[in-house]
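For reference, the chains in residue letters:
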Amino acid sequence: MPGAAARAGAGRRAARRAQAAGRRVWAGWLAVPGTLPGLALLALLALAAIMAPGAGPAGAGTLRIATYDPGLTRAGPGLLLRDLGREDARIAAALQVIVAARADILLLTGIDWDHDGLALAALRARLAQAGLDYPHAFAGRPNAGMATGLDLDGDGRRGGPADRQGFGHFPGESAMAILSRHPLGPVVDHSPLLWRDLPGATMPPTPPEVAAVQRLSSVAHWDVTVTAGGRALHLLAMAAGPPVFDGPEDRNGRRNRDELALWLDHLPEGPFVLAGLLNIDPADGEGRRDALERLLGHVTDPLPRSAGGAAAGRGGVNADQRGDPGLDTADWPDDKGPGNLRVDYVLPSHGIAVRDAGVIWPADGPLAEAARLASAHRLVWVDLDWP
C-alpha cells in the first residue's frame with residue numbers, strides 16, 4: 001500500500017518537491033496476496049476474450065489503455081472482498097467485460113478501496129484465474145469517504161456521506177485502482193490539493209472553516225508513470241464527481257468543472273494519457289464544459305464508438321440529445337433523464353498515434369448482457385502506437 005511503498009533516490013527527491021506543492025508522491029507498485037474464486041465461470045471468462053467486437057488482442061507495438069467503472073462498490077467496508085470470494089452475478093459480468101478488453105493498462109473507477117488492498121488483490125486473483133494477469137497495481141487512499149469532522153452539507157449533523165472530502169458512507173467507497181502489465185511508479189498524487197488553492201477556482205461562497213479543509217478531488221487525481229517498452233508514459237487518472245445533486249449555488253457543477261481544470265496546470269512534458277470518469281458529456285446533460293473543452297485542446301480524441309450505444313440512443317430522452325449516441329459510455333434512465341451520456345474517457349496527448357479505439361457495448365449477445373448487468377458504465381479502450 002502507499003504508506004509502505006518503497007521510496008528510492010529519485011522517488012524521495014520527487015516526494016520532497018511534491019510535498020511543497022501540496023501533493024503526494026509514491027513509488028513502486030502494490031502486490032498483495034489474493035483470494036481464489038470458484039472455477040465455474042473461468043471458461044466463460046476466457047471465451048469472452050475473443051468475443052469482444054472491436055476489442056481483439058492488441059497487436060505488436062500496440063499499447064491498449066482502458067478505463068471502466070465496473071460497479072464494484074458495496075454498502076459497507078469489507079463487503080466487496082466478501083462478494084469477490086463467492087459467486088456473484090454482477091461481479092462475474094464485470095470480470096467478463098474486463099477479460100474481453102484485455103487492456104495492457106486498466107484504470108478502474110467505482111471500486112471500493114481498503115487499507116490493506118485485500119479487495120483489489122482478490123480481484124487480481126480472479127482475473128489471473130481467467131487468464132488475465134496484472135503483475136502491477138496501484139490503489140492510493142482516495143478522498144471518497146474521508147472524514148472531515150465538519151458539517152459540509154449544512155444539515156446540522158457531522159459524519160454523513162456528504163460531510164466527507166468526497167461523497168461516501170465509508171472510507172474508500174467507490175474509489176479507483178490501476179491494473180497494469182507494465183511497471184508503475186512513481187506516482188504524483190494531487191488529491192490533497194485544497195479546492196480554494198486551485199488557480200481560477202470557481203468554488204462558491206464557503207465558510208472559512210470548510211474552505212480550509214475542503215479538498216478539490218472527489219476521489220483522486222493521480223499522475224502515474226508507466227514504463228512500457230523502455231519508455232515512460234504518464235497516466236493521468238481521475239474520477240470526478242457528477243455536476244448534479246446540488247442547489248442553485250451549483251456546488252457540484254463547479255467542483256466537477258474544477259476537477260477537470262486541475263490538469264490544465266499539471267500536464268506533464270512527456271507523453272501522457274488522460275483517463276477516467278470525467279462525468280461530463282461534451283454536448284448533453286448538465287455541467288460546465290469550459291474546462292473539458294480546454295483539455296480537449298491538449299489531447300487527441302479518438303472518438304471510441306459502439307454499436308450498442310448507437311442503438312440504445314434512440315429512445316426516450318435520448319431522442320432529443322445533440323451528441324452522437326454511438327459515443328456514449330453510460331446507460332442511464334431514458335424515461336426521465338439523464339439518458340445515455342459520454343462520461344468515461346481515454347485521451348492521449350498530441351504526438352501519440354492512435355491505432356484503434358472502441359467501447360465494449362455490443363448491440364446484442366452474451367457480452368452485451370454482461371455489460372448491462374455489471375454496471376451502467378461501459379468499458380472504453382484505446383490502442384496506442386507504442387513501438
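Preceding this paragraph is the structure being described.
Summary of the structure given here. All chains use their own residue numbering, which begins from 1 and follows the written sequence. For a predicted model such as this one, the threshold for reporting local features is a pLDDT of at least 70, and the threshold for listing and counting side-chain atom pairs is 80 or more; totals across whole chains, interfaces and linings nevertheless cover every residue. With hydrogens and water excluded, all non-hydrogen atoms of the structure serve as input to the side-chain values.

### Here's the deal with the pairing of strand β9 (residues 272–277)
Consideration 1: For β9, a buried count of six out of six residues is recorded, marking the element as mostly surrounded by other parts of the structure.
Consideration 2: Handedness of the crossover is the feature at issue here: the chain leaves strand β8 (residues 231–239), passes through helix α7 (residues 251–261), returns alongside β9, and the resulting connection is right-handed.
Consideration 3: For two strands to count as paired, DSSP must find a minimum of two bridges between them. Every helix listed is a DSSP run of H or I at least four residues long, and every strand listed is a run of E at least two residues long, numbered separately from the N terminus. Relative to strand β10 (residues 344–348), β9 runs antiparallel, the two sharing five bridges. Across the sheet, Leu 277 pairs through a bridge with Asp 344, a residue of β10. Burial here depends on accessible area, computed with a 1.4 Å probe over protein chains only, as a share of the maximum for the residue type. Under 20% is buried, over 50% is exposed, and the range in between is partly exposed. Orient the strands so they point away from the viewer, and a crossover whose first-strand-to-second-strand path over the helix runs clockwise is right-handed.

### Considering the packing of aromatic side chains
Consideration 1: Whether two aromatic rings pair depends on their centres lying within 6.5 Å, for rings of Phe, Tyr and Trp, where Trp uses its six-membered ring; planes under 30 degrees apart make the pair stacked, over 60 edge-to-face, and the rest tilted. Tallied over the full model, the rule gives one aromatic pair.
Consideration 2: Ring centres of Phe 138 and Trp 222 lie 4.8 Å apart, and the angle between their planes is 85°; on these two criteria the pair is classed as edge-to-face. Of this pair, Phe 138 sits in strand β4 (residues 136–138) while Trp 222 sits in strand β7 (residues 221–228); the two residues are 84 residues apart in sequence, bridging distant segments of the chain. Here Phe 138 matches Trp 222 in class, with each residue buried.
Consideration 3: The aromatic ring of Trp 386 is capped on one face by Arg 231, whose charged end is 3.8 Å from the ring centroid. In this analysis the charged atom, NZ for Lys or CZ for Arg, is taken to sit over a ring once it is within 6 Å of the ring centre and within 35 degrees of the ring normal.

### A few points about the pattern of salt bridges
Consideration 1: Here, a salt bridge means any Lys or Arg side-chain nitrogen found within 4 Å of an Asp or Glu carboxyl oxygen. In total, this model carries 16 salt bridges according to the counting rule given.
Consideration 2: One salt bridge in this structure joins Arg 74 and Asp 83, with 2.7 Å as the shortest N-O distance. Asp 83 shares its class with Arg 74; the two are buried.
Consideration 3: Asp 301 serves as the salt-bridge partner of Arg 342, at 2.7 Å between the closest nitrogen and oxygen. With Arg 342 in the loop between α9 (307–312) and β10 and Asp 301 in the loop between α8 (290–296) and α9, the pair connects residues that are 41 residues apart, well separated along the chain.
Consideration 4: Relative accessible area serves as the criterion here: at 4%, Arg 342 is assigned to the buried category.
Consideration 5: Put simply, Arg 74, Arg 82, Asp 83, Arg 86 and Asp 88 are held in one network by salt bridges that share partners.

### Section: helix α5 (residues 118–129)
Consideration 1: Helix span is expected to be 1.5 Å times the residue number reduced by one. Over its twelve residues, α5 extends 17 Å from the first C-alpha to the last, a length consistent with the 16 Å expected when each residue adds 1.5 Å.
Consideration 2: Counting buried positions along α5 gives nine out of twelve residues, so the element sits mostly inside the fold.
Consideration 3: Of all the positions in α5, only Ala 119, Leu 120, Ala 121, Ala 122, Leu 123, Arg 124, Ala 125, Arg 126 and Leu 127 are classed as buried.
Consideration 4: Buried residues in α5 make contact with α3 (79–84), α4 (89–101), β3 (105–111), β4 and β5 (175–180).
Consideration 5: Directly after α5, the chain includes Gly 131, whose backbone phi takes a positive value near 95°. Contact definition: two residues touch when any of their heavy atoms are within 4.5 Å.

### Describing the packing of α4 against helix α10 (residues 366–374)
Consideration 1: At a closest axis distance of 8 Å, the pairing of α4 and α10 adopts a crossing angle of 125°. Taken together, the axes of α4 and α10 are oblique relative to one another. Helix-helix and strand crossings are classified by hand; for α4 and α10 the assignment is left-handed. Judged by residue contacts, Ala 89, Arg 90, Ala 93, Ala 94, Gln 96, Val 97 and Ala 100 of α4 engage Pro 366, Leu 367, Ala 370, Ala 371, Leu 373 and Ala 374 from α10.
Consideration 2: As a working rule, the residues Ala, Val, Leu, Ile, Met, Phe, Trp, Tyr, Cys and Pro are called nonpolar, Asp, Glu, Lys and Arg charged, and the rest polar, with Gly in that last group. Residues of the contact of α4 with α10, tallied by class, amount to eleven nonpolar, one polar and one charged. A fitted line through C-alpha atoms represents every axis, and for helices the fit uses only the stretch in contact; the resulting angles, taken between N-to-C directions, go from 0 to 180 degrees. Angle categories: roughly parallel below 35 degrees, roughly antiparallel above 145, roughly perpendicular from 65 to 115, and oblique for all the rest. It is the rotation of the near helix from the far one that decides the hand of a crossing: anticlockwise by less than a right angle makes it left-handed, clockwise makes it right-handed.

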